[in-house]
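# Architecture at a glance
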Amino acid sequence: MLLTQKDLEVKMRLLCLIFILLLIYPLAIANSKIVAIVGDEPITIKEYKERLNYEEKRIGRPLDKEEIKGLLDKMIEEKILYKQALKKGLDKDKEAIFLIEEAKRNILINILIKREIIQRLKYTKKDLKKYYEAHKADYTDPEAISGRLFYIYKKDKEGKDRTNEAKDIAEKIEKRLAKGEGLKEPHKFYRKNTPLILQTSQFGYMPKNLIEKSYGKPFAEMAFGLKEGEVGMIELLDKFVVIKVTKKKKAYLRPFEEVKNKVEVAFQRQQFKKIYEEYLKKIKKGLLIKKYYKNLPPPNI
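If you're wondering where the values come from, they're calculated on a predicted model, not measured in any experiment.

Reading the values: rules and limits
Residues numbered from 1 in each chain as written. Predicted model: local features only at pLDDT ≥ 70, side-chain atom pairs only at ≥ 80, totals over all residues. Heavy atoms only, no water. Patch = residues over 30% accessible without salt bridge, like charges linked within 9 Å, V, L, I, M, F, W, Y side chains within 5 Å. Areas by Shrake-Rupley, 256 points an atom, 1.4 Å probe, with all protein chains shown as cover. Salt bridge = Lys/Arg side-chain N within 4 Å of Asp/Glu carboxyl O. Helix = DSSP H or I, 4+ residues; strand = E, 2+ residues; numbered from the N terminus. Phe/Tyr/Trp six-rings, centres within 6.5 Å; stacked < 30°, edge-to-face > 60°. Buried < 20%, exposed > 50% of the residue type's maximum accessible area, 1.4 Å probe, protein only. Core = buried A, V, L, I, M, F, W, Y, C linked by side-chain atoms within 4.5 Å. Contact = heavy atoms within 4.5 Å. Expected span 1.5 Å × (residues − 1). Arc of directions from axis to C-beta. Pairing = 2+ DSSP bridges. Axes fitted to C-alpha atoms, helices over the stretch in contact; angles between N-to-C directions. Parallel < 35°, antiparallel > 145°, perpendicular 65-115°, else oblique. Left-handed = near helix turned anticlockwise from the far one by under 90°. Nonpolar A, V, L, I, M, F, W, Y, C, P; charged D, E, K, R; others polar. pLDDT = per-residue confidence, 0-100.

A contiguous nonpolar patch, built from Y276, L280 and I283 and spanning about 230 Å² of accessible area, is present on the exposed surface. Residue position: L280 is located in helix 10 (residues 256-284).

Shown next as structure tokens:
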């Protein structure tokens, strides 16, 4: 019996369908393989692989053999806890519903930002160098000093004011340090010969802003006005302070290659902000927005 053209077309379609099914069937079988069962609910290899891919992208590296097993254990625990939550009816709980909606909203916003903004972050090494040149101050280690300090307090241990005596001792200590003496000998001598409170200390490299924060602006100005090896004295509210600058370090601009990663992060933030604001302005255009601040609740303080 001869087949008509129509019969041939039907037969060909059938053969194509069988061929496609033969291709898909092994894949479907592979994806339906079970890696665990929790109660009456299986965890398929497909479900596991999707979670594995997500975790490896999240941490930025492949999981090792033990971590692969650990991930399955974690998924089993999650299934157990999820089933228990459903058993207790938490899927209908007001707090749970609110948090689920919040999570959903945040996830959708994050995906939108990733696709509409982050994927538009394109730049070259030339762009990063240009940013570096324009923001050199951000990659410069400021001038810093290290030094020794001698404190001479204005009041003695009994609380009696001895400002003039304290100033006289401070000036003498300043001269002794200028001649090259350390802190130990003057401290030992004046502890025996005055009722005033004396203290000594030293500090490693500190920039001007930190010294100003610790000791005040006048002290910082005086200290940074000294050269390496020089000694200075200043009167503060409750004491006189003698400082000897032991080391002085000039401001240092770190080379681009050394701070390239920091430059890239800063540049990405700048570009993200720019693209984000442009995108937000675009989608807000024509959208009616009204704010009723008077209807807001008072601060819950």
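Now that the structure is up, let's keep going.
How two aromatic rings sit relative to each other is given by the distance of their centres and the angle of their planes. Tallying each qualifying case throughout the model produces seven aromatic pairs. Centre to centre, the rings of Y123 and F267 are 5.3 Å apart; their planes meet at 70°, and the pair counts as edge-to-face. Linking Y123 in the loop between helix 4 (94-116) and helix 5 (125-134) with F267 in helix 10, this pair joins segments that are 144 residues apart in sequence. Take Y123: its relative accessible area is 24%, and that puts it in the partly exposed class. Judged by its relative accessible area of 8%, F267 falls in the buried class. Among the aromatic residues, those joined into a cluster by ring pairs are Y123, Y131 and F267.

Let us look at the pattern of salt bridges. Evaluation of the coordinates by the stated rule reveals 25 salt bridges. In this structure, E50 engages K46 in a salt bridge whose closest nitrogen and oxygen atoms are separated by 2.9 Å. One end of the pair, E50, and the other, K46, are both in helix 2 (residues 45-59), four residues apart, so they sit about a helical turn from each other. When its relative accessible area of 42% is taken as the criterion, K46 is described as partly exposed. Residue K208 pairs with E221 through a salt bridge whose shortest N-O separation is 3.2 Å. Within this pair, whereas K208 is found in helix 8 (residues 208-215), its partner E221 is found in helix 9 (residues 217-224), the two being separated by 13 residues in sequence. With relative accessibility at 39%, the residue E221 sits in the partly exposed group. Members of the salt-bridge network, linked through shared partners, are D40, E41, E47, K79 and K83.

A few words now on the nonpolar core. Of all hydrophobic cores here, the largest spans 18 residues; its most connected members are I145, L149, F203, I211, F219, V241 and I243. Broken down by secondary-structure element, the contributors of at least two residues to this core are strand 4 (144-156), strand 5 (196-207), helix 9 and strand 7 (239-249). Ranked by residues supplied to this core, first place goes to helix 9 with five residues. Discounting chain neighbours no more than four positions away, the residues touching I211 are I145, F203, M206, G216, F219, A220 and F224. Listed in part, the 14 residues of the second largest apolar core include L183, L198, F240 and V242.

With 15 residues, helix 2 ought to run about 21 Å at 1.5 Å a step, and its terminal C-alpha atoms sit 21 Å apart, in line with that. Considered for burial, the residues of helix 2 that qualify are I45, Y48, R51, L52 and E55. Taken around the axis of helix 2, the buried residues stretch over an arc of 125°, which confines them to a single face. For helix 2, the exposed residues lying more than 90 degrees away from the buried face are Y54, K57 and R58.

In this section: the pairing of strand 1 (residues 34-38). Pairing geometry for strand 1 and strand 2 (residues 41-44), over four bridges, is antiparallel. Bridge pairing links V38 to E41 in strand 2.

This next bit is on the side chain of K239. Its place among the elements puts K239 in strand 7. What makes K239 buried here is its relative accessible area of 15%.

What follows is about the packing of helix 8 against helix 9. Interhelical geometry of helix 8 versus helix 9 gives an angle of 135° and a closest axis separation of 7 Å. Here helix 8 is positioned oblique relative to helix 9, judged by the angle of their axes. Here helix 8 runs over helix 9; the crossing is right-handed. Contacts between helix 8 and helix 9 involve K208, I211, E212 and Y215 from the former and K217, F219, A220, E221 and F224 from the latter. Its residues assigned to classes, the contact of helix 8 with helix 9 shows five nonpolar, no polar and four charged.

The subject of this paragraph is the confidence of the model for the chain. Scored by pLDDT, the chain has a mean of 89; 89% of the residues are at 70 or more. The least confident element of the chain, judged by mean pLDDT, is helix 1 (residues 5-31) at 53; the most confident is helix 5 at 97. Scored below 50 in pLDDT, residues 21-30 makes one contact in the model with residues more than four places away or belonging to other chains.

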